[in-house]
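Here are the chains, one letter per residue:
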Amino acid sequence: MPDHIKTIAFLGSPRKDGNTDLLLQEVIKGIESAGATVKTFRLNLMDIKPCQNCGGCEETGECIINDNMTEIYHDIRTADRVVLASPVFFFSLSAQTKAMIDRCQSFWCEKYLLKKTIPGGEFGRKGLLLLVGGMKKEIGIECSESTARAFFRTISVPEHSTLSYLGVDAKGAIVEHPSALKEAFEAGRKLLS
Ligand SMILES: Cc1cc2nc3c(=O)[nH]c(=O)nc-3n(C[C@H](O)[C@H](O)[C@H](O)COP(=O)(O)O)c2cc1C
C-alpha cells in the first residue's frame, strides 16, 4: 500500500543543508523506509509570485498567474500526504513558505465561495509540519502553527501533526539535537500508516 501513497513536501528554508532541510531529509528517509517516494518542492528556487488579491480565482477557483504554482496546484490536488517544512522567521513562517500558502487562496475560493469539495484519495489525507526556530520563544511556533493549520485545512488536509524545535540557530546545528533527527525519521514513517 505505501508505494501508492503520494507524498509531497515543501521546503521553505533558503539554506541548503540548513536545519529545516536536514529535518526534512530525515522525514523523507522515514517515508522511503516505509516503501513510498516523496516529491519535494524547494520553494526558494521556484518562481512563485505573491498573491495579488486580484479576485481572479473568486469566480473560477483558479489562479490566473502563470508560474511554478501551476505544478504545485496539481500536486496538492492529487496528494495523500503533505509535509510543510519552514524555519521561523520573525515569529512566523518564512516568506518562501508564506508566498506559496497565500497562492492557495484559489483553493479557499473553490471550497468556500464555489462550495466545491477537494476530494481526498483512498488513503485519506494527512499533513506534517516541521518548524525550526533559532530563539527559544514559543510565540514563533504558535504563529507558524496557526498559519500552517489554515493552509492544511484549506487544501483539505483534515489532520496534521507538528514537530518543532527552538534554540537551533547555526546552520546544521540540528544534528547536535539529542532527538530531532530520530523523531523526524519516525514522523515520516508514521505519516504513511
Ligand atoms: C530573517 C530571519 C528571521 C528570523 N526570525 C526568527 C524568529 O523570529 N524566531 C526564531 O526563533 N528564530 C528566528 N530566526 C532564526 C532561524 O529560525 C534559525 O536560524 C533557523 O535555524 C533557520 O533554519 P534553517 O537553517 O532551516 O534555515 C530568524 C532568522 C532569519 C534569517
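Before reading further, recall that the structure is shown in the block above.
These remarks concern the structure in this document. Sequence order as written defines the numbering, with residues in each chain counted from 1. Side-chain atom pairs in this predicted model are given and counted only at pLDDT of 80 or more, local residue features only at pLDDT of at least 70, and totals for whole chains, interfaces and linings cover all residues. The side-chain quantities take in all heavy atoms of the structure and omit both hydrogens and water.

Attention now goes to the packing of aromatic side chains. Only Phe, Tyr and Trp rings take part, Trp by its six-membered ring, and two of them pair if their centres are within 6.5 Å. Stacked means planes under 30 degrees apart, edge-to-face means over 60, and tilted covers everything else. All told, the structure shown has 5 aromatic pairs when counted by the stated rule. Between Tyr73 and Phe107, the aromatic rings sit 5.7 Å apart at their centres with planes inclined by 75 degrees, giving edge-to-face as the arrangement. One end of the pair, Tyr73, is in helix 2 (residues 69–78); the other, Phe107, is in helix 4 (residues 105–113), and 34 residues separate them in sequence. Ring geometry for Trp108 against Tyr112: centres 5.2 Å apart, planes inclined by 50 degrees, an arrangement best described as tilted. Of this pair, Trp108 and Tyr112 both sit in helix 4, separated by 4 residues, roughly a single helical turn. Note on classification: 1.4 Å probe, protein chains only; a residue is buried when its accessible area is under 20% of the maximum for its type, exposed when over 50%, partly exposed between these limits. On the basis of relative accessible area, Trp108 is assigned to the partly exposed category, the value being 34%. Linked through ring pairs, Phe10, Phe41, Phe151 and Phe152 together constitute an aromatic cluster. Segments assigned H or I by DSSP are reported as helices when at least four residues long, segments assigned E as strands when at least two residues long, and all are numbered from the N terminus.

What follows concerns the side chain of Asp75. Relative to the helices and strands, Asp75 resides in helix 2. When checking whether two residues touch, look at their non-hydrogen atoms; a contact exists if any pair is within 4.5 Å. Setting aside residues up to four positions removed in sequence, Asp75 forms contacts with Lys6, Ile8, Lys39 and Phe41.

Next up on the list: the side chain of Asp21. Examined against the element boundaries, Asp21 turns out to sit in helix 1 (residues 19–33). Judged by its relative accessible area of 2%, Asp21 is buried. Beyond its immediate chain neighbours, meaning those up to four positions away, Asp21 contacts Leu11, Arg15, Lys16 and Arg42.

Next up on the list: the environment of Lys190. Note that Lys190 resides in helix 6 (residues 180–191). Take Lys190: its relative accessible area is 59%, and that puts it in the exposed class. Residues Lys190 and Val27 lie 163 residues apart in sequence; the distance between their C-alpha atoms is 9.6 Å.

Proximity is defined per residue: if any heavy atom of the residue lies within 4 Å of a molecule or strand, that residue is considered near it. The environment of the ligand is formed by 16 residues, the closest being Ser13, Thr20, Phe91, Val168 and Asp169. Each polar contact in these results corresponds to two N or O atoms within 3.5 Å; when the atoms are within protein, one needs to be able to donate a hydrogen and the other to accept it, and residues that are neighboring in sequence are counted only if both atoms are side-chain atoms. Contact distances for the ligand include 2.7 Å between an oxygen atom and a side-chain N or O atom of Ser13. A distance of 2.8 Å is found between a nitrogen atom of the ligand and a backbone nitrogen or oxygen belonging to Phe90. Coverage of the ligand by the protein amounts to 79% of the 640 Å² it exposes when considered alone. Of all elements in the fold, only helix 1 and strand 3 (81–89) reach the threshold of two or more residues within the shell around the ligand. A per-element tally of the shell around the ligand places strand 3 first, with 3 residues. Charged means Asp, Glu, Lys or Arg here, nonpolar means Ala, Val, Leu, Ile, Met, Phe, Trp, Tyr, Cys or Pro, and polar covers whatever is left, Gly included. Residues belonging to the shell around the ligand are distributed by class as follows: 8 nonpolar, 6 polar and 2 charged. Accessible surface area values rest on a Shrake-Rupley calculation with a 1.4 Å probe, where residue burial reflects the displayed protein chains alone.

Here we come to the pairing of strand 5 (residues 126–132). With respect to burial, strand 5 is a largely interior element, 6 of its 7 residues being buried. Sheet analysis places strand 3 next to strand 5, joined by 7 bridges and oriented parallel. Bridging from a neighbouring strand, Pro87 pairs with Val132 of strand 5. By the convention used here, strands pair only if DSSP detects at least 2 bridges between them. In this structure, strand 5 lies alongside strand 6 (residues 159–165), joined through 7 bridges in parallel fashion. The residue bridging Leu128 from the neighbouring strand is Ser161, located in strand 6. Looking down the strands as they point away from the viewer, one classifies a crossover as right-handed if the path from the first strand across the helix to the second runs clockwise. Running through helix 5 (residues 139–154), the crossover from strand 5 to the neighbouring parallel element strand 6 is right-handed.

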